[in-house]
Amino acid sequence: MKKPEVVIVGLGFLATYIMPCYEKLLGGDIGSHVMGIKGSDRGLSEKRAACPFPVEVGQVDKHLRERRPDIIVLAVKPDQIRDMTEGTLAPYYQMLREQGEPLPDLYSFAPSPSVDYYYEALGADVNAANMIPNMVREIQGRYVAPVGVSFVAFDARRQWPEENRRRAMEFMTPTGAVVEIDGDKAIPFLALQVAGHMMFEFNYIVQDVEKERGKEITLAQSASAFRSVFRKWFSESCTEVLPCSSEAAEEELRAFMELAQGAWRDGVIRFARTEGIPDEAADRMICGTMETYHMEAQLEPREVLEQNTRNHATPGGYLEMGLKTFYGKGYDRMTELLKKALDGKTEDGDREQVEAIAFEVAKAVSDHGKQMVKKD
């Protein structure tokens, strides 16, 4: 079967990060089947050195007309998507129709605008999908991509040819376990992932409370214990890449870890149900994400985790909102609940409190994302 031609519009960090996806799609023949287009010449020489395919600057329409790709990977900055789509891609697709040429599949690597936008902007005959990859591939030399979740969102109004649909789903497999969701669920589904990021904070709380009580426990020990307890909910073979044990945690701490993680999972899934996200997809996303961040906490020092969080929590973004909500409504309460648990004073309503915090974090992130789309 003929190998597809791919043009990447917006060759930034994300489009480069998914290099294994191009390799899976094309085998070892990337250089003659892929072209990347940057928006400016800043860092051009470095990008050309890093990519095993041609990298050009600008003139997207020209390159599309010359290459006639089978797949367009759209990975420009979110605030550039509409201009690129309506100003360049829509005329290109119309030109192809007028010439009787096949229309390329469009893989958009952003949660918004949602995939229904492309149905309206490009036409009902275009195969378009939102794709969000799991962004944790390796931690300290350990390949952990299969633990996390990547997702693909299709517009229900567009019936993709089966071969194209299968190719789109398989394209993402190098980045994680791939889940398909409805086109209007990308933002709330991403909120589940953000909620899982709070596992860093779970480990900080354990470390800080134990230290206050005169016991030194490393993040490696607490995260390992959290993961060991979490096998009750998530025990896929991909977790075996990194051993875990609860030996460093006393009985009361292990009981709290079980309560906190079970309640957190249930709270996020309860939120997902309000958005019409199927339990199976929601459960795999939240469990895989919680596990991934515990793995990271098990292998990296706290200062590295905190710096990574600062790097990813861009102003006005999804993670920033998740952290703001957790620290505003949950961090202190979780700390109090842990202190009670270590004193053997856990109460019937404690689990419901954690579940409510998890629900609120996921909802705040989702609402924020939807509001950002409205502003666009």
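Residues numbered from 1 in each chain as written. Predicted model: local features only at pLDDT ≥ 70, side-chain atom pairs only at ≥ 80, totals over all residues. Heavy atoms only, no water.

1. Section: the overall build of the protein
When helices and strands are tallied, the protein shows 16 helices and 10 strands. Since a compact globule built from 376 residues should have a radius of gyration of about 21 Å, the 22 Å found for the protein is in line with a globular shape. Once the C-alpha set of the protein is aligned to its principal axes, its extents read approximately 75 × 40 × 35 Å. Out of the 376 residues in the protein, the part that is buried amounts to 56%. Within the protein, residue pairs in contact and separated by at least 24 positions form 73% of the contacts whose partners lie at least 6 positions apart. Carbon and sulfur atoms form 48% of the exposed surface of the protein, whose accessible area is close to 16,300 Å². Within the protein, one finds 46 positive and 60 negative side-chain charges whose respective centroids are separated by 2 Å. (Helix = DSSP H or I, 4+ residues; strand = E, 2+ residues; numbered from the N terminus. Rg over C-alpha atoms; globule rule 2.2 N^0.38 Å. Buried < 20%, exposed > 50% of the residue type's maximum accessible area, 1.4 Å probe, protein only. Contact = heavy atoms within 4.5 Å. Areas by Shrake-Rupley, 256 points an atom, 1.4 Å probe, with all protein chains shown as cover. Lys, Arg positive; Asp, Glu negative; His and termini not counted. Charge placed at Lys NZ, Arg CZ, Asp CG, Glu CD.)

2. Regarding the environment of Arg165
Take Arg165: it is sitting in helix α7 (residues 162-171). Distance in space between the C-alpha atoms of Arg165 and Phe154 is 9.2 Å, their sequence separation being 11 residues. For Arg165, the residues in contact, after removing those within four places along its chain, are Phe154, Trp160 and Glu180.

3. Observations regarding the side chain of Gln261
Position of Gln261 among the secondary structure elements: in helix α11 (residues 251-274). Note on Gln261: relative accessible area 0%, which makes it buried. Other than its neighbours up to four places away in sequence, Gln261 contacts Phe202, Phe226, Val229, Phe230, Trp233, Met290 and His294.

4. Concerning the packing of helix α9 (residues 199-212) against helix α10 (residues 219-230)
Two numbers describe how α9 lies on α10: the axes approach to 9 Å, and their chain directions differ by 120°. Between α9 and α10, the angle falls in the class oblique. Where α9 crosses over α10, the two elements pack in a sense that is right-handed. Judged by residue contacts, Phe202, Asn203, Tyr204, Val206 and Gln207 of α9 engage Leu219, Ser222, Ala223 and Phe226 from α10. Residues that form the contact of α9 with α10 fall into these classes: six nonpolar, three polar and no charged. (Axes fitted to C-alpha atoms, helices over the stretch in contact; angles between N-to-C directions. Parallel < 35°, antiparallel > 145°, perpendicular 65-115°, else oblique. Left-handed = near helix turned anticlockwise from the far one by under 90°. Nonpolar A, V, L, I, M, F, W, Y, C, P; charged D, E, K, R; others polar.)

5. Observations regarding the pairing of strand β1 (residues 6-9)
Of the two faces of β1, the one holding Val6 and Ile8 and the one holding Val7 and Val9 are both buried throughout. Pairing analysis gives four bridges linking β1 to strand β2 (residues 34-38), with the strands arranged parallel. In the strand pairing of β2, Ile8 is matched with Gly36. The pairing of β1 with strand β4 (residues 71-74) spans four bridges and is classified as parallel. Along β4, the bridge assignment pairs Ile8 with Val73. (Pairing = 2+ DSSP bridges.)

6. Considerations on the sheet that holds strand β6 (residues 128-132)
Read from one edge of the open sheet, eight strands run β3-β2-β1-β4-β5-β6-β9-β10, paired in mixed fashion. One side of each edge strand has no neighbouring strand; the edge strands of this open sheet are β3 (55-57) and β10 (177-182). Between one strand and the next, the sheet's axes are offset by a mean angle of 25°, whatever the strand orientation. Pairing of β2 with β3, which is carried by three bridges, proceeds in the parallel orientation. Along β3, the bridge assignment pairs Gly36 with Val55. Across the sheet, helix α8 (residues 186-196) lies against β6, β9 (149-154) and β10, angled at about 170° from β9, the strand it touches most.

7. Points about the nonpolar core
Membership of the largest hydrophobic core comes to 80 residues, with the highest contact counts inside it found for Phe189, Trp264, Phe326 and Met334. A per-element tally of this core places α11 first, with 11 residues. Setting aside residues up to four positions removed in sequence, Phe189 forms contacts with Val149, Phe151, Val179, Ile181, Ile277, Ala281, Ala282 and Met285. Judged by nonpolar contacts, the second largest core, of 30 residues, contains Tyr17, Cys51, Met131 and Phe171. (Core = buried A, V, L, I, M, F, W, Y, C linked by side-chain atoms within 4.5 Å.)

8. Considerations on the packing of α9 against helix α14 (residues 318-329)
At their nearest, the axes of α9 and α14 sit 11 Å apart, and the two run at 35° to each other. Both α9 and α14 take part in a crossing whose hand is right-handed. Of the residues in α14, those in contact with Glu201, Phe202, Tyr204 and Ile205 of α9 are Leu323, Phe326 and Tyr327. In terms of residue class, the contact of α9 with α14 is built from six nonpolar, no polar and one charged.

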